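# Descriptive structure summary
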Amino acid sequence: MDDALEDMLVSPAEMAAIDKDAADSGIDSFSLMRSAGLAVSAAALQLFPAALRFVVLCGPGNNGGDGYVAAEALTESGAEVAIFILGDADNLRGDAARARKGCRLAGLPLGAYEPQAGDIVVDALFGAGLARDLPDVAQTIIDRVSASRIPVLAVDLPSGIDGRSGEVRGASFTATHTVTFMAPKPGHVLMPGRQLCGTLEVFDIGIPTRLVAARASSLRINGPGVWRHYAGGLDAGTHKFKRGHLAVLSGGPISTGAARLSAAAGLVAGAGLVTLGSPPEALATNASHLTAVMLKEIGSAADLAEWLRDKRLNTFVLGPGFGVGKKARDFALMLCDRGLVLDADGMSSFQQEREKLFDKIAECGGQVVMTPHEGEFARLFPDVAADTTLSKIEKAQAAARLSHAVIVYKGSDTVVAAPSGRAVVNVNAPPWLATAGSGDVLAGIIGAHLAQGFPAFEAAAAAVWRHGEAGIRAGRALTAETLVENIPPRP
């Protein structure tokens, strides 16, 4: 793959436009289909050299055309191949019809396929453009293949996955390996599509990079390329205040642990100073657990206002273990002109007064990041959450526009979105990150990045990625404490 396409995500609609642009530029569209089909056949032979039979399931469109090319190439290689066809092949048009004509094998109706031991299924029924439920006969075949545990090699995307949203349309194959073309699609990285794709191979079929880049939006897979230019090394003359002063606000005496996790993560992640702002009744509890993290008594809005006179105090984390209510709302509204990570209770406090928060963020123009999980997202953005026509990416983008903040829509497929529409999807988080305190650690890492001068979008994207890497390093037995210990250096 071209390095310029490496982290790019292209929607099915954008890919259709790219294909048209390629044809309009004089590139033979059938040559692209042939390249795709040959890539699939090469993957099949490499991955399954001992296959007794390749069963190619061909659909009624260009995905089926890729399948016919692959079937012919596999036959030429000497493999045993059978074709099963959805619909009437005589109705094929354009490149797909040409591919069918060039395939010497007779086909049987899709419903006639009965899996046999030693079969490898090449799924070329529907690609990333699928936006409706699969026909019944396709769902029946998926059930048969799933029951037989036969490996599936998917062409473009396992049939049944919506390439825009990653959702399953009635039923879906579970692929061992998926070959897609030019760039991944959202359905490859959003759940549940991601877990149904198996390993993903992106093959360059010959469309110039300039044509892909011209149509692609600012959607990316999260990685160092998104934010590396903000993550330079330290200069020899730096000091702790240049590295940023992060403040984390603590809750009461029986709920201080979450804020301390955020503070510890912020320190490890690179903030020059970290101070825990604690109510007076929790000072003793917090003091007994802190060393490098400093402590300051902050019990009221007046205390906070006085503290804010220090302009070196540039970033706050509010929410972990803080408590839901008026105090959280008052504090948040005072902090919107600084770097602010609004997490957990900080967000939930605005369930009934969300417009006041959103207006304040817009007015202050600060660097605000909000970090909702599924339930918190539904409480803070109920209309967006209820819109079943939107993908997770589109929901995060809509929430960012509405709130004027960067949204970290958490989950195994965390999406980071900016009010401008920029978005990244994270893919490096291991499942064992789903543990108590993990989100508090993430809030602290985001806060550290904001304190160091990252713009809010890059601060969040980098933090989500480092959080995932920390989870990998910590291993399956991680706790939030060991997660902090394993935060990697900035790339």
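First things first, this report covers the structure right here in the doc. (Residues numbered from 1 in each chain as written. Predicted model: local features only at pLDDT ≥ 70, side-chain atom pairs only at ≥ 80, totals over all residues. Heavy atoms only, no water.)

## Some remarks on the overall build of the chain
In terms of regular secondary structure, the chain is built from 21 helices and 17 strands. Taking 491 residues into account, the globule formula puts the C-alpha radius of gyration at 23 Å, and the chain, at 26 Å, falls close to it. With respect to the three principal axes, the spread of C-alpha positions in the chain is 80 × 45 × 45 Å. Within the chain, the proportion of its 491 residues that are buried is 55%. Residue pairs at least 24 apart in sequence account for 71% of intrachain contacts in the chain once pairs closer than 6 positions are excluded. Within the structure as shown, the chain displays about 19,500 Å² of accessible surface, and the carbon and sulfur contribution to it stands at 51%. The centroid of the 44 positive side-chain charges in the chain is displaced by 5 Å from the centroid of its 52 negative side-chain charges. (Helix = DSSP H or I, 4+ residues; strand = E, 2+ residues; numbered from the N terminus. Rg over C-alpha atoms; globule rule 2.2 N^0.38 Å. Buried < 20%, exposed > 50% of the residue type's maximum accessible area, 1.4 Å probe, protein only. Contact = heavy atoms within 4.5 Å. Areas by Shrake-Rupley, 256 points an atom, 1.4 Å probe, with all protein chains shown as cover. Lys, Arg positive; Asp, Glu negative; His and termini not counted. Charge placed at Lys NZ, Arg CZ, Asp CG, Glu CD.)

## With respect to the pairing of strand E13 (residues 339–342)
Burial of E13 is two-sided: the residues Gly339 and Val341 facing one way and the residues Leu340 and Leu342 facing the other way are all buried. Here 4 bridges tie strand E12 (residues 313–318) to E13, and the two strands are oriented parallel to one another. Bridge assignment links leucine 318 to a residue of E13, and that residue is leucine 342. As for the winding sense of the linkage, the β-α-β connection from E12 through helix H13 (residues 326–335) to E13 is right-handed. Bridge analysis of E13 against strand E14 (residues 367–370) gives 4 bridges, and the strand direction is parallel. Opposite leucine 340, over in E14, you have valine 368 as the bridge partner. (Pairing = 2+ DSSP bridges. Right-handed = clockwise from strand over helix to strand, strands pointing away.)

## So, the packing of helix H2 (residues 29–47) against helix H3 (residues 62–76)
Between H2 and H3, the shortest axis-to-axis distance is 7 Å and the interhelical angle comes to 55°. On the basis of the axis angle, H2 is oblique to H3. In the packing of H2 onto H3, the handedness of the crossing is right-handed. Here Met33, Arg34, Ala36, Gly37, Leu38, Val40, Ser41, Ala44 and Leu45 of H2 come into contact with H3, specifically with Asn62, Gly65, Asp66, Val69, Ala70, Ala73 and Leu74. Looking at side-chain class alone, the contact of H2 with H3 contains 10 nonpolar, 4 polar and 2 charged residues. (Axes fitted to C-alpha atoms, helices over the stretch in contact; angles between N-to-C directions. Parallel < 35°, antiparallel > 145°, perpendicular 65-115°, else oblique. Left-handed = near helix turned anticlockwise from the far one by under 90°. Nonpolar A, V, L, I, M, F, W, Y, C, P; charged D, E, K, R; others polar.)

## Examining the pattern of salt bridges
Inspection of every chain in the model, using the stated rule, returns 19 salt bridges. The salt bridge involving arginine 144 is made with glutamate 114; its shortest N-O contact spans 3.5 Å. One end of the pair, arginine 144, is in helix H5 (residues 136–148); the other, glutamate 114, is in the loop between strand E3 (107–109) and strand E4 (119–124), with 30 residues separating them in the sequence. Note on arginine 144: relative accessible area 26%, which makes it partly exposed. For aspartate 156, the salt bridge goes to lysine 185, with nearest N and O atoms at 3.8 Å. Taken together, the residues span a long stretch of sequence, with aspartate 156 in the loop between strand E5 (152–155) and strand E6 (177–181) and lysine 185 in the loop between E6 and helix H6 (186–189) at a distance of 29 residues. (Salt bridge = Lys/Arg side-chain N within 4 Å of Asp/Glu carboxyl O.)

## Here's the deal with helix H10 (residues 257–268)
If you check H10, its first and last C-alpha atoms are 17 Å apart, about what 12 residues at 1.5 Å a residue would give, namely 16 Å. Turning to H10, its buried residues number three or more, namely Ala258, Ala259, Arg260, Leu261, Ser262, Ala263, Ala265 and Gly266. Lining the buried residues of H10 we find strand E9 (245–249), strand E10 (273–278), helix H11 (283–287), E12, helix H19 (438–451) and helix H21 (480–485). (Expected span 1.5 Å × (residues − 1).)

## Quick word on the sheet that holds E12
On the basis of which strands lie adjacent, the open sheet formed by 10 strands has the order E8-E17-E16-E15-E14-E13-E12-E9-E10-E11 and mixed pairing. The open sheet has two edge strands, strand E8 (219–221) and strand E11 (294–297), and neither has a second partner. Neighbour-to-neighbour, the strand axes of the sheet open up by a mean angle of 20°, direction not taken into account. The sheet contact formed by strand E15 (residues 406–409) and strand E16 (residues 415–417) spans 3 bridges and is antiparallel. Within the sheet, the bridge partner assigned to tyrosine 409 lies in E16 and is valine 415. Each of E9, E12, E13, E14 and E15 is contacted by H19, which is oriented at about 165° to E12, the strand it contacts most.

## Section: unusual backbone geometry
In this structure, proline 192 follows methionine 191 across a cis peptide bond, with omega equal to 0°. Along the chain, the position of proline 192 falls in the loop between H6 and helix H7 (193–196). Despite not being glycine, aspartate 156 has its phi angle at roughly 75°, a positive value. In this structure, methionine 182 takes a positive phi of about 75° despite not being glycine. Turning to its location among the elements, methionine 182 is positioned in the loop between E6 and H6. Among the residues examined, methionine 182 registers a relative accessible area of 0% and is labelled buried.

None of the figures reported here should be taken as evidence of function without further support.
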